[in-house]
Amino acid sequence: MSSTTEQPSTAATGGTEQHGARAHSDGGWDSADKKVPVQTRSERFRSADLDAFPTVTGREVNWKFAPLAKLRPLLDGGLDGAPYPYLARQSEGADVEWVRSDDQRVGSAGLPEDRASAAAWAARDAVLAVTVKPTEQHEFITITRSDFGPQPRAAHTVITAEANAQGIVVIDNRGSALLSENVEIVVRDNARLTVVSLQDWDDDAVHVSTHFAEVGRDAFLKHVVVSLGGDVIRVNPSTHLGAQGADTEMYGVYFADAGQYIEQQVYVNHDAPNTRGRVNYKGALQGEGAHTVWIGDVLISRPADGTDSYEQNRNLVLTDGTRADSIPNLEIETGNIEGAGHASATGRFDDEQLFYLQARGIPEEEARRLVVLGFLVEVIQKIGAPELEERLIAAVEEELAAGRSVIAEADPETVEADPETAQADA
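Bear in mind the structure is a predicted one, so any value in this text is a computation, not a measurement. (Residues numbered from 1 in each chain as written. Predicted model: local features only at pLDDT ≥ 70, side-chain atom pairs only at ≥ 80, totals over all residues. Heavy atoms only, no water.)

Asks: What exactly am I supposed to notice about the sheet that holds strand S11 (residues 206–215) here?
Replies: The pairing of strands in a sheet comes from backbone hydrogen bonds and takes either a parallel or an antiparallel form. Read from one edge to the other, the open sheet built from nine strands follows the order S4-S5-S7-S9-S11-S13-S15-S17-S19, with strand pairing classed as mixed. Across the chains shown, the open sheet's two edge strands, defined by having one partner strand only, are strand S4 (94–100) and strand S19 (323–332). Going from strand to strand, the sheet's axes swing by 10 degrees on average, the running direction of each strand aside. Strands in contact with helix H2 (residues 115–123) are strand S7 (149–161), strand S9 (177–187) and S11; relative to S9, the strand with the most contacts, it is inclined by about 85 degrees. (Pairing = 2+ DSSP bridges. Helix = DSSP H or I, 4+ residues; strand = E, 2+ residues; numbered from the N terminus. Axes fitted to C-alpha atoms, helices over the stretch in contact; angles between N-to-C directions. Contact = heavy atoms within 4.5 Å.)

Asks: Got a minute to help me understand unusual backbone geometry in this structure?
Replies: It is generally the case that most residues other than glycine have a negative phi and that most peptide bonds are trans. Positioned with a positive phi, Asp218 is a non-glycine residue whose angle comes to about 55 degrees. Inspection of the secondary structure assignment puts Asp218 in the loop between S11 and strand S12 (220–229). If you check the backbone angles, Asn274 has positive phi at about 60 degrees while not being a glycine. As for its position among the elements, Asn274 is in the loop between strand S15 (261–270) and strand S16 (276–285).

Asks: Can you help me understand the packing of aromatic side chains in this one?
Replies: Counting across every chain of the model gives seven aromatic pairs. Seen from their ring centres, Trp121 and Phe212 are 6.2 Å apart, and the 85 degrees between their planes marks the pair as edge-to-face. Taken together, the positions of Trp121 in helix H2 and Phe212 in strand S11 put the pair 91 residues apart, joining distant regions of the chain. Taking the relative accessible area as the measure of exposure, Phe212 reaches 4% and is therefore buried. Three or more aromatic residues joined by ring pairs make a cluster, and in this case those are Tyr84, Tyr86, Trp98, Phe148 and Trp201. Sitting over the ring of Trp63, Arg234 keeps its end group 3.7 Å from the ring centre. (Phe/Tyr/Trp six-rings, centres within 6.5 Å; stacked < 30°, edge-to-face > 60°. Buried < 20%, exposed > 50% of the residue type's maximum accessible area, 1.4 Å probe, protein only. Lys NZ or Arg CZ within 6 Å of the ring centre and 35° of its normal.)

Asks: Help me understand the pattern of salt bridges, please; the structure alone is not making it clear to me.
Replies: Side chains bearing opposite charge may pair, as long as their charged atoms lie close to each other. Taken as a whole, this structure holds 21 salt bridges when the rule is applied. Taking the shortest distance from any N to any O, the salt bridge between Arg391 and Asp200 comes out at 3.2 Å. Of this pair, Arg391 sits in helix H5 (residues 386–410) while Asp200 is found in strand S10 (residues 192–200), placing the two residues 191 residues apart along the sequence. When its relative accessible area of 25% is taken as the criterion, Arg391 is described as partly exposed. When the shortest N-O distance is used, the salt bridge between Glu378 and Lys282 registers 2.3 Å. One end of the pair, Glu378, is in helix H4 (residues 364–380); the other, Lys282, is in strand S16, with 96 residues separating them in the sequence. Classification of Lys282 as buried rests on a relative accessible area of 8%. A single network of salt bridges, built from pairs that share partners, joins Asp172, Arg174, Asp200 and Arg391. (Salt bridge = Lys/Arg side-chain N within 4 Å of Asp/Glu carboxyl O.)

Dropping the structure here:
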């Protein structure tokens with residue numbers, strides 16, 4: 001006599017089971033509650049209403065690494081969203097101006113996906129609008145911000161490259177800050193735009209930034225995040241390739257010192273035919289407690305036939321006591337693509353590279369400096385602005401020199417003994 005056991009249907013269980021699998025604790029499959037598995041990035045909740053987001057506890061998938069004690073002042077509202085001082089250097093074919101918080105351009109590239117972004121969105125009193133116009137030359141705009149002060153602040157920037165325009169926009173962050181901000185980027189049809197976000201803050205700065213980008217038909221966006229200074233830096237860029245032929249290259253370079261936390265959550269949404277995406281982030285870590293987080297999400301949706309996409313993250317560990325979390329994710333909803341892939345690696349120096357350089361008479365310390373520079377400069381040189389690239393290379397060298405000094409002070413074997421002290425000890 002045989003018996004069979006019936007499995008309850010999805011409908012009968014309220015969506016908690018599907019093909020014998022139970023829903024992940026972070027989300028279910030119940031369409032009535034509009035829940036989806038947490039890994040489906042495109043289905044994350046979006047809202048400009050701060051109260052629509054629950055209090056952050058640290059158990060959320062997108063907050064689980066972050067030092068919430070330091071970020072808390074930026075999560076609970078009450079931010080100062082008034083206009084701030086800035087210095088703009090721009091060419092004739094570009095405009096930089098303050099506009100009203102209800103300007104029609106606000107929200108054209110995206111909406112907040114987390115509480116920090118929503119808090120900054122709700123607090124804005126004015127929006128800094130940057131417009132790149134179509135001219136015969138390559139426009140160049142630099143916005144230097146260095147006077148936010150120690151109070152919790154909010155900022156909102158909208159960057160628009162008009163159809164057929166071409167240019168580069170650099171947001172240069174310096175000084176001290178406790179800042180949460182949103183940056184919207186709109187690249188209209190056939191435009192070519194580079195946006196560089198440079199975090200060269202003082203050591204006490206806390207900065208949370210969400211970037212939304214919308215790329216038009218046959219348009220190109222190069223997005224570069226450079227994070228060097230600051231205490232806690234969290235820059236999360238997302239790019240929506242929603243028109244045929246849209247193209248993006250997203251680069252990042254970061255250097256974390258002792259006690260410093262740097263996080264990037266990168267998202268590329270291929271949502272139209274024949275789109276192309278390249279993501280390449282590289283970082284170096286040195287000093288006790290240096291911590292970096294990179295989470296890369298790529299979605300190739302059903303309409304995105306002919307997509308060509310690749311993402312990678314590389315981390316170079318220079319000392320003990322550091323931590324690099326690297327999580328690449330790839331979702332593909334159509335099989336008719338050119339190609340897609342992802343990669344992640346974290347490790348120490350390549351001994352063969354050091355041996356090669358030392359075998360040619362280069363001292364070990366200089367050989368290590370050359371290896372680190374070669375590792376990071378590959379990304380820096382993608383910016384396409386020689387003056388800025390030189391500044392960043394010099395900043396990386398300063399980071400390396402500072403790290404060597406700290407290591408030397410901590411290692412008694414590298415400290416030369418005082419002759420008088422040595423004689424007294426004897």
